Amino acid sequence: MMEGNDQLKQFLDTKAALYNQPSFIDKDPISIPHAFNKKQDIEIAGLFAATLAWGNRTTIINNCDKLMGWMDNSPHDFIVHHKETDLKPFVHFIHRTFNATDLLYFIAFLRHHYQYYPSLEDAFVPGRKYQGDNVGKALIHFHHYFFSLEHPERTRKHIATPERNSACKRLNMYLRWMVRKDGRGVDFGIWRKINPAQLICPLDVHVARVAERLGLLDNIKSNWANALQLTCHLKKLNKSDPAVYDYALFGLGIAERF
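Residues numbered from 1 in each chain as written. Predicted model: local features only at pLDDT ≥ 70, side-chain atom pairs only at ≥ 80, totals over all residues. Heavy atoms only, no water.

**Student:** Help me understand the packing of aromatic side chains in this model?
**Tutor:** Centre-to-centre distance and the angle between the planes together describe a pair of aromatic rings. Considering all chains together, one arrives at 20 aromatic pairs under this definition. Summarising the aromatic geometry, the rings of Phe 109 and Tyr 145 are spaced 5.2 Å apart at their centres and angled 75° between planes, so their arrangement reads as edge-to-face. Residue Phe 109 is located in helix α5 (residues 100–116), and its partner Tyr 145 is located in helix α7 (residues 136–146); the two are separated by 36 residues in the primary sequence. For the pair formed by Phe 109 and Tyr 145, the shared burial category is buried. Note on Phe 124 and Phe 142: the rings are 4.1 Å apart at their centroids and 5° apart in plane angle, and the pair reads as stacked. Linking Phe 124 in helix α6 (residues 121–124) with Phe 142 in helix α7, this pair joins segments that are 18 residues apart in sequence. The same class applies to Phe 124 and to Phe 142, which are both buried. (Phe/Tyr/Trp six-rings, centres within 6.5 Å; stacked < 30°, edge-to-face > 60°. Helix = DSSP H or I, 4+ residues; strand = E, 2+ residues; numbered from the N terminus. Buried < 20%, exposed > 50% of the residue type's maximum accessible area, 1.4 Å probe, protein only.)

**Student:** It is not clear to me how a positive patch on the surface should be interpreted in this structure. Could you clarify?
**Tutor:** Together, Lys 39, Lys 129, Lys 181 and Arg 192 give the surface a local cluster of positive charge. Along the chain, the position of Lys 39 falls in helix α2 (residues 39–51). (Patch = residues over 30% accessible without salt bridge, like charges linked within 9 Å, V, L, I, M, F, W, Y side chains within 5 Å. Areas by Shrake-Rupley, 256 points an atom, 1.4 Å probe, with all protein chains shown as cover. Salt bridge = Lys/Arg side-chain N within 4 Å of Asp/Glu carboxyl O. Lys, Arg positive; Asp, Glu negative; His and termini not counted. Charge placed at Lys NZ, Arg CZ, Asp CG, Glu CD.)

**Student:** What am I meant to see in the environment of Lys 239 here?
**Tutor:** Considering the arrangement of structural elements, one finds Lys 239 in the loop between α10 (224–237) and α11 (245–255). Through-space distance from the C-alpha of Lys 239 to that of Val 91 is 45 Å; in sequence the pair is 148 residues apart.

**Student:** Help me understand the packing of α2 against helix α8 (residues 169–179), please; the structure alone is not making it clear to me.
**Tutor:** Helix-helix packing is described using two parameters, namely the angle between the two axes and the distance between the axes. At a minimum axis distance of 9 Å, the contact between α2 and α8 shows a crossing angle of 150°. In this view, α2 runs roughly antiparallel relative to α8, as classed from their interaxial angle. Like other packed secondary-structure pairs, α2 and α8 cross with a definite hand, here right-handed. Every residue of α8 that contacts α2 at Ile 42, Glu 43, Gly 46, Leu 47, Ala 49, Ala 50 and Thr 51 is listed here: Arg 170, Met 173, Tyr 174, Trp 177 and Met 178. Among the residues making up the contact of α2 with α8, the classes are represented as 8 nonpolar, 2 polar and 2 charged. (Axes fitted to C-alpha atoms, helices over the stretch in contact; angles between N-to-C directions. Parallel < 35°, antiparallel > 145°, perpendicular 65-115°, else oblique. Left-handed = near helix turned anticlockwise from the far one by under 90°. Contact = heavy atoms within 4.5 Å. Nonpolar A, V, L, I, M, F, W, Y, C, P; charged D, E, K, R; others polar.)

**Student:** What's the story with the side chain of His 158 in this structure? I'm lost.
**Tutor:** Tracing the backbone through its elements, the reader meets His 158 in the loop between α7 and α8. You can call His 158 buried: its relative accessible area is 6%.

**Student:** So what exactly am I meant to see when it comes to α5 here?
**Tutor:** Three- or four-residue spacings in an α-helix give side chains the same orientation, since the helix completes a turn every 3.6 residues. For α5, which comprises 17 residues, the first-to-last C-alpha distance of 25 Å matches the rise-based estimate of 24 Å (1.5 Å per residue) to within 8%. Every buried residue of α5 is accounted for by Ala 100, Asp 102, Leu 103, Tyr 105, Phe 106, Ile 107, Phe 109, Leu 110, His 113 and Tyr 114. Structurally, α5 contributes buried residues whose contacts are with α2, α3 (57–70), α4 (75–81), β2 (98–99), α6 and α7. Structurally, the start of α5 carries an N-cap: the backbone nitrogen of Thr 101 is 3.0 Å from a side-chain oxygen of Asn 99. (Expected span 1.5 Å × (residues − 1). Polar contact = N/O pair within 3.5 Å; in protein donor to acceptor, adjacent residues only side chain to side chain.)

Taken by themselves, the reported measurements are silent on function.
Quick look at the structure:
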């Protein structure tokens, strides 16, 4: 580990600034919601992009583009108003282990949700303001709510929950996109019920490996316990915005092979 928090903070702040800029967007799944301006379009496109964000990044983006095209590049309008016949193209969809069965349930859930709520933020935080120390309880609430309709059992593996000690990497990334607002043009900051200080840093094997090398984790396990431990260390560097270091850790792991 680098000597002292000051040296580590300076190092990670520099790396975060390097990757937290619009040039980062094009080759990242966040480019999918960046194609939209309407709040509901951004949050729907973002949910699909985050859910499918594993594997080859070009494939992720291509498959998300295909999905958005089938939704007439107006996902909220499509979700709310589509007819059964409009779903024909979707039966051929597959991305790794995410298939048409999963996709059609996602669409059914979203349609149900938007009948009652104006934003997908309400699926994570039903009240006026989120009160937890971190977003763990919001993720658990979302998981229970998402599967409160009749659903295919196989789809459960695509929505993670801290209750299973999952790191919930993709959902934490999604929350970062929706909640963080720093004016740098990458994260959207369109949700207000959750505070950036409550976010958990997205953790996968690449980030865990970098975090271990920096002395921020004891091992490279990608689980909820480590996601909490990592975020706890990052809060010592930036109490109000620990998830900003996702840029640094991800960039070091993927781009720089640190």
